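Residue-level listing of the chains:
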Amino acid sequence: MAWFLDGKKDRAHRLGPMQTLPGPMRKFTPTETVDYCIVGVGSAGGVLLQRLARAGFNVVGLEAGPFWDTERDWVSDEKGSHELYWNDLRITGGTHPLALGSNNSGKGVGGGSVHWAAFTPRLHPSDFRIYSEDGVGADWPMYYQDLKPYYELLEREIPVAGPAWFPWGDPHGHPYGPHPLGGVGDVLVKGCTKLGIRTVAGGPVGILSASHGDRPHCIYRGFCLQGCKVGAKASTLITHVPDAITHGAEIRSLSMATRISLRKDGRVDGVLYIDRDGKECFQRARAVIVAGYAIETPRLLLNSACPGFERGLANSSGTVGKYLMAQAGNVVAGRFDGLIRLYKAPPAHALSEEFYETDKSRDFARGFAIQTVGPLPIAFAKQMVAAMGAWGWGLRRVMMDYNHWATLGVLGEILPWKDNSVELAEEKDQYGLRVAKVTFNLHDNDKKLIEFAKNKVMDVMRAAGAEQVVQESRFAHLVGAARMGSNPATSVVDKFGRAHDIPNLFVCDGSILPTQGSANPGLTIQALAARTADYLIKHGEEIFTTSNRDQSEPGIRYDLSPPYTWFKGNPHIG
Ligand SMILES: Cc1cc2nc3c(=O)[nH]c(=O)nc-3n(C[C@H](O)[C@H](O)[C@H](O)COP(=O)(O)OP(=O)(O)OC[C@H]3O[C@@H](n4cnc5c(N)ncnc54)[C@H](O)[C@@H]3O)c2cc1C
Ligand code: SF4
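In this report, we go over the structure that sits alongside the text.

## Topic: the overall build of the protein
Part 1: Each helix and strand in the protein was counted, giving 13 helices and 18 strands.
Part 2: Its C-alpha atoms give the protein a radius of gyration of 22 Å, near enough to 25 Å, the size a compact globule of 574 residues would have.
Part 3: For the protein, the proportion of its 574 residues judged to be buried stands at 64%.
Part 4: Partitioning the intrachain contacts of the protein with sequence separation of at least 6 by distance along the chain shows that 73% fall at a separation of at least 24.
Part 5: Of the side chains in the protein, 62 bear a positive and 60 a negative charge, and the two mean positions are spaced by 3 Å.

Next up, the structure:
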């Protein structure tokens, strides 16, 4: 596993068979102070690392998991790919406890983008204003228009395949053409069309519908959540990390950050971590960026409590760990007489956002999307245990019919509530650190939304011709817990991810989202990371030496994209 960054074997870097890097990765000496130390090289961390390295900063990424070699480490096998997930101890509770493990963060370079399905819809303009428009949740400290150029940029860097016209939110097209429909997509389109619900097919998804640079196109074998050995599915491991290394970034894999260190003058000066040999090390840095996911980011801040910040670093507001969100992710399964073959396409390839916005005729605020999902047999069996109580011979009987079942997912907006939280449990992990205790409760609006959405998707399934329809209640995509805002009393960071309390500490990952909409969060997280990077680059030395907080947009740097991505693909519409 993860052989090529093993110091004994420094040679040309390979990220699987298709990406060979020209030389060995840069190694900073243990006493060197770098400009930026980034904790977590996942969806956001990978993009940040690449941008900052290209702009000439000295940057180190600490990553708790391994540096994957896609060819040797990844397998087209559902059980064999379990190591991609963050499976360390976490405690879960509340009225609706979240399933953790494979249901949330990845562990390893690329983070959650390694096992994501790669659905890449944008948030809608209304998502940034739900308090003003609907009287619920919170407004973002920025507008959709501020993020729009970064959506367009990342859609090319990933790149995203999808329909030429996406009609919801801010209508737009996609750089690569749509994928063909699989059996599940067919069901979604058929059922929705019968009920007069508009759909799009073939994306938007970060999977290549045609070859791109050194990456081949999708071959439709359905192992997207297992990492995609083929390289057709985007992850920051293959889209941004190679360029980061080429431009002088160092990634220290198997390195678990344990604490951020604060100086007496109120600025951070580096990160303590346990290295791959179990040794405690300290990486000095002029600024620190935490990009560890919506659970590990607040956990690290809370574990970094120190004199002056007894409740957790950068937590004068008391909001570190609060307002955690997950989307409603109910899965509706339908059995059809004919063959569907769930596995025979990327899980993510058709959707409808017809019910995304608040509709005053319903008794709840905000809405949901309907999406294809494609569980492989183990995941499907678990769903059938939950949905039907199938067990023993009954479960075997259902599994014999695996190829006759289709699954559609609700992706519903659950609002940010203060009592949904990440705190520290008394239990400790293998590093001796207190683990995260995650509490999740559904509130009235959430329950009404889920009930409506679930029934609507069951109607779609029946309209498509399913002879039996069942559903499993579940949740997906954790974000929030270190939210951004203009008011330091109610948020952790400002609109560029800069901690209100500490001028050279940044948070940049899904944890800064104030609300989540009904769009999968990955594209938004990567777009925010590129914007934060532009802000840091624009302000250069100031970040390290002053507390100035210029809140104007930094101006987009198209010249920092990985090669062959910008100005590629179809002309943009909208
Ligand atoms: C099954 C599944 C399917 C999904 N499908 C989609 C989809 O189709 N579309 C979509 O948009 N989203 C999808 N997601 C969600 C998406 O993967 C995440 O929202 C996204 O990756 C989160 O990005 P992040 O940067 O916040 O964290 P991550 O990408 O999880 O990165 C965090 C990184 O930090 C590292 N880390 C954490 N703590 C430390 C520490 N103390 N020291 C060192 N390193 C640390 C972790 O190992 C990890 O690599 C899916 C998620 C799952 C579980
Ligand atoms: S279906 Fe396509 S994107 Fe998914 S694993 Fe297979 S080749 Fe990769």
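## Topic: the site of ligand 1
Part 1: For ligand 1, the set of nearby residues contains 39 residues, the closest of which are Ser43, Glu63, Gly112, Phe119 and Gly522.
Part 2: Glutamate 63 has a polar side-chain atom sitting 2.6 Å from an oxygen atom of ligand 1.
Part 3: A distance of 2.6 Å is found between an oxygen atom of ligand 1 and a backbone nitrogen or oxygen belonging to glycine 522.
Part 4: Burial of ligand 1 by the surrounding chains reaches 96%, relative to a free accessible area of 1,000 Å².
Part 5: Across the shell around ligand 1, the residue classes break down as 16 nonpolar, 19 polar and four charged.

## Observations concerning the pairing of strand 1 (residues 34-39)
Looking down a regular strand, the side chains alternate between one sheet face and the other.
Part 1: For strand 1, a buried count of six out of six residues is recorded, marking the element as mostly surrounded by other parts of the structure.
Part 2: The pairing of strand 1 with strand 8 (residues 280-290) spans five bridges and is classified as parallel. From the neighbouring strand, valine 34 faces strand 8, where its bridge partner is alanine 285.
Part 3: In the sheet, strand 1 pairs with strand 2 (residues 59-62) via four bridges, with the strands oriented parallel. Across the sheet, cysteine 37 pairs through a bridge with valine 60, a residue of strand 2.
Part 4: For the segment spanning strand 1, helix 1 (residues 43-54) and strand 2, crossover handedness is right-handed.

## Here we look at unusual backbone geometry
Part 1: Note that the residue after isoleucine 158, namely proline 159, is joined by a cis bond; omega there is -25°.
Part 2: In this chain, glycine 203 is followed by proline 204 through a cis amide linkage whose omega measures 5°.
Part 3: Here alanine 118, not a glycine, exhibits a phi torsion of approximately 75°, which is positive.
Part 4: The topology assignment puts alanine 118 in the loop between strand 3 (91-93) and helix 3 (130-134).
Part 5: With phi around 50°, leucine 254 is a residue other than glycine that occupies positive phi space.
Part 6: By secondary structure assignment, the location of leucine 254 is in the loop between strand 5 (250-252) and strand 6 (256-262).

## What about the site of ligand 2?
Part 1: Around ligand 2, the structure places Ile207, Cys218, Ile219, Tyr220, Arg221, Gly222, Phe223, Cys224, Cys228, Val230 and Lys233.
Part 2: Its residues placed into classes, the shell around ligand 2 shows eight nonpolar, one polar and two charged.

## Quick word on the nonpolar core
Part 1: Tyr36, Leu52, Ile251, Ile260, Ile289, Leu313 and Leu505 are the most contacted members of the largest nonpolar core, which totals 112 residues.
Part 2: Ranked by residues supplied to this core, first place goes to helix 12 (residues 522-539) with 10 residues.
Part 3: Excluding anything up to four places from it in sequence, leucine 313 contacts Ile260, Leu262, Val268, Leu301, Ser304, Ala305, Cys306, Val320, Ile502 and Leu505.

## Details of the pattern of salt bridges
Part 1: Inspection of every chain in the model, using the stated rule, returns 33 salt bridges.
Part 2: For glutamate 413, the salt bridge is made with arginine 366, and the minimal N-O distance between the two is 3.1 Å. With glutamate 413 in the loop between strand 13 (405-412) and strand 14 (421-428) and arginine 366 in the loop between strand 11 (350-352) and strand 12 (368-373), the pair connects residues that are 47 residues apart, well separated along the chain. Assigned by exposure class, glutamate 413 and arginine 366 land together as buried.
Part 3: Arginine 531 serves as the salt-bridge partner of glutamate 553, at 2.9 Å between the closest nitrogen and oxygen. One end of the pair, glutamate 553, is in the segment after helix 13 (542-545); the other, arginine 531, is in helix 12, with 22 residues separating them in the sequence.
Part 4: According to the relative accessible area criterion, glutamate 553 is partly exposed, its value standing at 27%.
Part 5: Look at arginine 531 and you get buried, because its relative accessible area is 0%.
Part 6: Salt bridges here are not isolated pairs; linked through shared partners, they connect Asp127, Asp134, Glu357, Arg366 and Glu413.

What counts and how
- Residues numbered from 1 in each chain as written.
- Chains lettered and ligands numbered in written order.
- Predicted model: local features only at pLDDT ≥ 70, side-chain atom pairs only at ≥ 80, totals over all residues.
- Heavy atoms only, no water.
- Helix = DSSP H or I, 4+ residues; strand = E, 2+ residues; numbered from the N terminus.
- Rg over C-alpha atoms; globule rule 2.2 N^0.38 Å.
- Buried < 20%, exposed > 50% of the residue type's maximum accessible area, 1.4 Å probe, protein only.
- Contact = heavy atoms within 4.5 Å.
- Lys, Arg positive; Asp, Glu negative; His and termini not counted.
- Charge placed at Lys NZ, Arg CZ, Asp CG, Glu CD.
- Near = heavy atom within 4 Å.
- Polar contact = N/O pair within 3.5 Å; in protein donor to acceptor, adjacent residues only side chain to side chain.
- Areas by Shrake-Rupley, 256 points an atom, 1.4 Å probe, with all protein chains shown as cover.
- Nonpolar A, V, L, I, M, F, W, Y, C, P; charged D, E, K, R; others polar.
- Pairing = 2+ DSSP bridges.
- Right-handed = clockwise from strand over helix to strand, strands pointing away.
- Core = buried A, V, L, I, M, F, W, Y, C linked by side-chain atoms within 4.5 Å.
- Salt bridge = Lys/Arg side-chain N within 4 Å of Asp/Glu carboxyl O.

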